[in-house]
Amino acid sequence: MNFNPLSTVHIQDLKAMVAADRFSTGASVLKLHAKDQSHHRGCLPEAVIWPTDRLEVVEILKYANDNRLPVVGWGSGSSLEGNPIPVKNGLVLDFSQMNCILDVREEDFQVDVQPGVIYQDLNEHLKYTGLFFPPDPGARATVGGMIANNASGTRTVYYGSTKDYVLKLTVVLASGEVLEMGRRVSKTSSGYDLPHLFVGSEGTLGVVVEATLRLVGLPEEFSAAVVTFPSVEAAGKAVSAIVRYGLNPAALELLDSACIELFNREKALGLDLSPTLFLEFHGPSIAYLSEIMGMAEEICRENGSLAFSPGLGRDERNRLFEARHELGEMVVRAHTDCRIQVLDVAVPITAYPDIISMARQEADAAGIQGYAFSHAGDGNLHLCLAGRKDETGDWERIDRISQRMVSKAISLGGTATGEHGVGIGKRKYMLAEHGSSLEWMQRIKSLFDPNGILNPGKIFP
Ligand SMILES: Cc1cc2nc3c(=O)[nH]c(=O)nc-3n(C[C@H](O)[C@H](O)[C@H](O)COP(=O)(O)OP(=O)(O)OC[C@H]3O[C@@H](n4cnc5c(N)ncnc54)[C@H](O)[C@@H]3O)c2cc1C
């Protein structure tokens, strides 16, 4: 695709579409929108615009399409695969000022939001209704960014990922046309499921300007446990068994000893330095949870657990999950001379012990400091790899580890990305993962965005 550079005429025209303080070509603003939380490098946008309503988005997209200007949506920039970084310059649409909670329909368990709402703020707002929006990527992500990446989190094993909560979307297409898709119902068999085509499309098909989300009730009771194992393989087998026995954990997170060491150092958690499972169950009563916890203990023991500490109180459990959510930042702080790559793959649950044991072996054999942690109940593994900034040798080895891990995941029937999306980093694996269906994805892209102006250079190799 051929795009035009942003001219002074374009700048004048676009400036006229929004208030003066919502258009910028300032160097620091451009730099801030050229980097997400990944190690990937893109290029500077030529202008950043903060729309506040859908009519502005319509006008900007129509103009950008007519003038062949690339447009990339921006939520909080917390992506881990370069998803919102421009690679063809152009415009960034930053949705942080389009962040209203439009309507809460408690009785229907639904909320209408603009795309720039931060999910933690949404849940804070909903607190007194007894409802919440469960996907929890941890970073301060926007609903628009979560929809575009189909984000998940620690509770996905029980509650599902973002796609499971999207009922209805309003999207502006590249042409400026507004498309409303879906209904305000929790089920429908009516026609093609267009809203879910846009979930996970990383802003390459259209720009989300409003979403109706499903909500669920806050759990009555919870119960949590910390379980240690002699090896990640043993822990991996316990994970597989817990899922197979249908115990339905609300969180099932596995951390290797390197992660536990960081937790103890930064949060003084005093945990044993062994591969560790964090288990959480949600349910209607303490009696129900005690029975489930007893079964989980038995399964862990059969798989060689060293210690099982159940009955964590709310404070203790919150401290553990707070530490878990901060893990990425802890790794960065522990390696100030390094850049960090966060690998994200997912495999069928039976293949999970294989992939987690491979992760540890690969990092150790390459002499790269690695931290393996995972939403284990979903077969979703992350491996944080720390490479010294100016050591090309480190980065060659990290690339090799990533390639081997992703190839292995795909060969096991898994995916190159469980939740972080394709962005820049996973484009090269798309053909291996999708085969001939990749071409159909490309046709869909051309149908919605014939000039390829929306987030160009993403998803497709
Ligand atoms: C410490 C840390 C932990 C994380 N843990 C998790 C995790 O557990 N699970 C997980 O899934 N992710 C995780 N992430 C990744 C990240 O938080 C998620 O991918 C999140 O969904 C990104 O949201 P965002 O608002 O930052 O979007 P951005 O990064 O700004 O953008 C993401 C994508 O959405 C597009 N986009 C943004 N707004 C719109 C819009 N209105 N319409 C169309 N497209 C749009 C962008 O172009 C881009 O392609 C983590 C990140 C960090 C830094």
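Preceding block: the structure.
Bear in mind the structure is a predicted one, so any value in this text is a computation, not a measurement.

About the cut-offs
Residues numbered from 1 in each chain as written. Predicted model: local features only at pLDDT ≥ 70, side-chain atom pairs only at ≥ 80, totals over all residues. Heavy atoms only, no water. Helix = DSSP H or I, 4+ residues; strand = E, 2+ residues; numbered from the N terminus. Rg over C-alpha atoms; globule rule 2.2 N^0.38 Å. Buried < 20%, exposed > 50% of the residue type's maximum accessible area, 1.4 Å probe, protein only. Contact = heavy atoms within 4.5 Å. Areas by Shrake-Rupley, 256 points an atom, 1.4 Å probe, with all protein chains shown as cover. Pairing = 2+ DSSP bridges. Near = heavy atom within 4 Å. Polar contact = N/O pair within 3.5 Å; in protein donor to acceptor, adjacent residues only side chain to side chain. Nonpolar A, V, L, I, M, F, W, Y, C, P; charged D, E, K, R; others polar. 1 Å grid on protein atoms, 1.4 Å probe; cavity = no way out; pocket = protein on both sides within 12 Å on 5 of 7 lines; lining within 4 Å. Points joined across faces, edges and corners; volume = space filled by probe spheres on them. Domains from an automatic or database assignment. Axes fitted to C-alpha atoms, helices over the stretch in contact; angles between N-to-C directions. Salt bridge = Lys/Arg side-chain N within 4 Å of Asp/Glu carboxyl O.

This brings us to the overall build of the chain. Secondary structure summary: the chain contains 15 helices and 18 strands in total. Here the C-alpha radius of gyration of the chain, 22 Å, is about what a compact globule of 461 residues would show, namely 23 Å. For the C-alpha atoms alone, the extent of the chain along its principal axes is close to 70 × 55 × 45 Å. Classification of the 461 residues of the chain by burial places 56% in the buried group. Within the chain, residue pairs in contact and separated by at least 24 positions form 72% of the contacts whose partners lie at least 6 positions apart. Element-wise, carbon and sulfur atoms account for 50% of the exposed surface of the chain, whose accessible area totals about 19,600 Å².

Bringing the pairing of strand β14 (residues 276-283) into the picture now. Of all eight residues that make up β14, eight are buried, and the element is covered over most of its length. Here β14 shows a buried face lined by T276, F278, E280 and H282 and a second buried face lined by L277, L279, F281 and G283. One ladder, built from eight bridges, connects strand β12 (residues 221-228) with β14; its direction is antiparallel. Residue pairing for β14: V227 is matched across the bridge by L277. With five bridges connecting them, strand β13 (residues 251-255) and β14 associate as antiparallel partners. Residue pairing for β14: L255 is matched across the bridge by T276.

A separate point is the environment of L215. Note on placement: L215 falls in the loop between β10 (207-214) and β11 (216-217). Along the primary structure L215 and L279 are separated by 64 residues, whereas in three dimensions their C-alpha atoms are 23 Å apart. Residues within four places of L215 in sequence aside, it is in contact with F109, Q110, V111, L126, L131, F132 and F133.

Neighbouring the ligand are 35 residues, the closest being G73, S78, S79, P137 and T142. In this structure, an oxygen atom belonging to the ligand sits 2.8 Å away from a main-chain N or O atom of G77. In this structure, P137 approaches the ligand through a main-chain N or O atom, which is 2.6 Å from a nitrogen atom. Burial of the ligand by the protein amounts to 95% of the accessible area it has alone, namely 980 Å². Elements with a contribution of two residues or more to the shell around the ligand: β3 (71-74), α5 (143-149) and β10. Among the residues forming the shell around the ligand, the class breakdown is 14 nonpolar, 19 polar and two charged.

With the rule as written, the count across this model stands at one cavity of 30 Å³ or more. Computed from the structure, the largest cavity encloses a volume of approximately 40 Å³. For the lining of the largest cavity, the residue count by class is three nonpolar, four polar and one charged. Both domains that meet at the lining of the largest cavity, namely domain 1 (8-96) and domain 3 (221-411), each give it at least three residues.

The next point concerns the side chain of R317. Along the chain, the position of R317 falls in helix α11 (residues 314-334). For R317, the side chain forms a polar contact with the side chain of N318, separated by 2.7 Å. Not counting residues within four places of it along the chain, the set of residues in contact with R317 comprises F222, A224, E280, H282 and L312.

It is worth spelling out the sheet that holds strand β9 (residues 178-182) at this point. Within the open sheet, the five strands sit side by side as β5-β6-β10-β8-β9. Their pairing is antiparallel. The outermost strands of the open sheet, each flanked by one partner alone, are β5 (101-105) and β9. Pairwise comparison of adjacent strand axes, ignoring direction, gives a mean angle of 10 degrees for this sheet. Together, β8 (166-172), β9 and β10 form the strand contacts of helix α3 (residues 54-66), whose direction differs from that of β10 by roughly 140 degrees.

Right, let's talk about the pattern of salt bridges for a bit. The final tally for this structure, using the stated rule, is 22 salt bridges. D449 is paired through a salt bridge with K445; the nearest N and O atoms lie 2.7 Å apart. Using a relative accessible area of 1% as the deciding quantity, one classes D449 as buried. Linked by salt bridges that have partners in common, D103, R105, D112 and R184 make up one network.

So yeah, pure geometry; function would need other evidence.
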